[in-house]
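Coordinate analysis (summary)
Residues per chain are reported as follows:
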Amino acid sequence: MVLKLYAVSDGPPSLSVRQTLTQLEIPFELINVDFGKGEHMTAEYALMNPQKEIPVLDDDGFYLSESNAIMQYICDKYKPGSPLYPQDPQSRAIVNHRLCFNLASYYANISAYTMAPIFFDYERTPLGLKKVHIALDVFETYLNRFGKKYAAADHLTIADFPLINSTMTLEAIGFDFSKYAKIHKWYNDFKRDYPELWRISEGAMKEIMEFAANPPDLTHMDHPIHPIRKINK
Ligand SMILES: N[C@@H](CCC(=O)N[C@@H](CS)C(=O)NCC(=O)O)C(=O)O
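Residues numbered from 1 in each chain as written. Predicted model: local features only at pLDDT ≥ 70, side-chain atom pairs only at ≥ 80, totals over all residues.

This part covers the overall build of the chain. When helices and strands are counted, the chain shows 9 helices and 4 strands. Counting helices and strands in the order they occur from the N terminus, the chain gives β-α-β-α-β-β-α-α-α-α-α-α-α. Relative to the compact-globule value of 17 Å for 233 residues, the chain shows a C-alpha radius of gyration of 18 Å, a close match. Principal-axis analysis of the C-alpha atoms gives the chain an extent of 55 × 45 × 25 Å. Each of the 233 residues in the chain was classed as buried or not, and the buried ones make up 35%. Across the chain, every contact between residues at least 6 apart in sequence was considered, and the portion connecting residues at least 24 apart equals 68%. (Helix = DSSP H or I, 4+ residues; strand = E, 2+ residues; numbered from the N terminus. Rg over C-alpha atoms; globule rule 2.2 N^0.38 Å. Buried ≥ 20, exposed ≤ 12 C-beta atoms within 10 Å, placed from the backbone. Contact = placed C-beta atoms within 7 Å.)

Quick look at the structure:
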């Protein structure tokens, strides 16, 4: 049975999984989850992912969420020798480290500043901005010390996808990160070297830019965590 990916078109974790499948030339069915309608918050969806988050991979009834775990599983099961997820323990450890860094720190800090205030009733604060700069500064340090072309090797790995998509959300809000010279170069190298993969991020970036200009009306949504912005109609 063909792999099914439940995804949103503008969500960095969904984009990273799509980029992995695309780069590995693995056929899959893309199933769009309507975030605005809360399709991921239903009891039915919770059977696939009790965290009620997107994406979810369905491999013939084997359901997997958490985009990092999905990318790792896809590589291990379908293209075990791929340089996208090296098998040498230290090379793999660096990839895993960068994935953890993105999830726990880089994307956490960046998305709270870029994405959350677009979709929900949050402000961009000086503290939020400080956290973005801390995230950028740490990633810049890793790129500097590591001295390789990509985030975890001299070639593309699955670690690049989430880091690229986090950084893309900064570009989407017009945030100038050019003073982080290594990040700036790595980001632009990716765009130039992998135009087909960049197109996946770029489509999302355009959607995010549109939402930033015209925030979506989620007043009907009863979200368990995020405050819903009141929109004057
Ligand atoms: N750590 C998860 C995060 C997934 C995630 O948060 N996805 C967002 C969409 S981009 C979501 O489902 N949010 C649920 C909500 O805000 O209700 C992953 O990497 O897959």
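Take the site of the ligand next. Neighbouring the ligand are the residues Val-8, Gly-11, Pro-13, His-40, Glu-53, Ile-54, Pro-55, Ser-65, Glu-66, Ser-67 and Leu-103. Residues of the shell around the ligand, tallied by class, amount to 5 nonpolar, 4 polar and 2 charged. (Near = placed C-beta within 6 Å. Nonpolar A, V, L, I, M, F, W, Y, C, P; charged D, E, K, R; others polar.)

Before going further, it helps to spend a moment on the sheet that holds strand 4 (residues 62-65). Reading across the sheet, the 4 strands line up as 2-1-3-4 and stay open at both edges, with mixed pairing between neighbours. Edge positions in the sheet fall to strand 2 (28-32) and strand 4, since each of these pairs with one other strand and no more. Direction aside, the axes of adjacent strands within the sheet are offset by 20 degrees on average. Sheet topology places strand 3 (residues 56-59) next to strand 4; 4 bridges connect them, and they run antiparallel. Looking at the pairing, Asp-59 lines up with Phe-62 of strand 4. Sheet contacts for helix 1 (residues 12-23): strand 1 (3-7) and strand 2; angle to strand 1, the most-contacted strand, approximately 155 degrees. (Pairing = 2+ DSSP bridges. Axes fitted to C-alpha atoms, helices over the stretch in contact; angles between N-to-C directions.)

This next bit is on the domain arrangement of the chain. Under the domain assignment used here, the chain contains domain 1 (3-78) and domain 2 (89-213). For domain 1 versus domain 2, the separation of C-alpha centres amounts to 20 Å. The interface of domain 1 with domain 2 comprises 14 residues on the first partner and 17 residues on the second. For the side of domain 1 that touches domain 2, the elements supplying multiple residues, two or more each, are helix 1 and helix 3 (67-78). Take the side of domain 1 that touches domain 2: its biggest share by element is 8 residues, from helix 1. For the side of domain 1 that touches domain 2, the residue count by class is 4 nonpolar, 8 polar and 2 charged. (Domains from an automatic or database assignment.)

This next bit is on the packing of helix 1 against helix 7 (residues 160-172). The contact between helix 1 and helix 7 brings their axes to 9 Å, and the two run at 140 degrees. It follows that helix 1 is oblique to helix 7 by the angle criterion. Two packed elements cross with a definite hand, and for helix 1 against helix 7 that hand is right-handed. Contacts from Pro-12, Leu-15, Ser-16, Gln-19 and Thr-20 in helix 1 reach Phe-161, Pro-162, Asn-165, Ser-166 and Thr-169 in helix 7. Looking at the contact of helix 1 with helix 7 residue by residue, the class counts come to 4 nonpolar, 6 polar and no charged. (Parallel < 35°, antiparallel > 145°, perpendicular 65-115°, else oblique. Left-handed = near helix turned anticlockwise from the far one by under 90°.)

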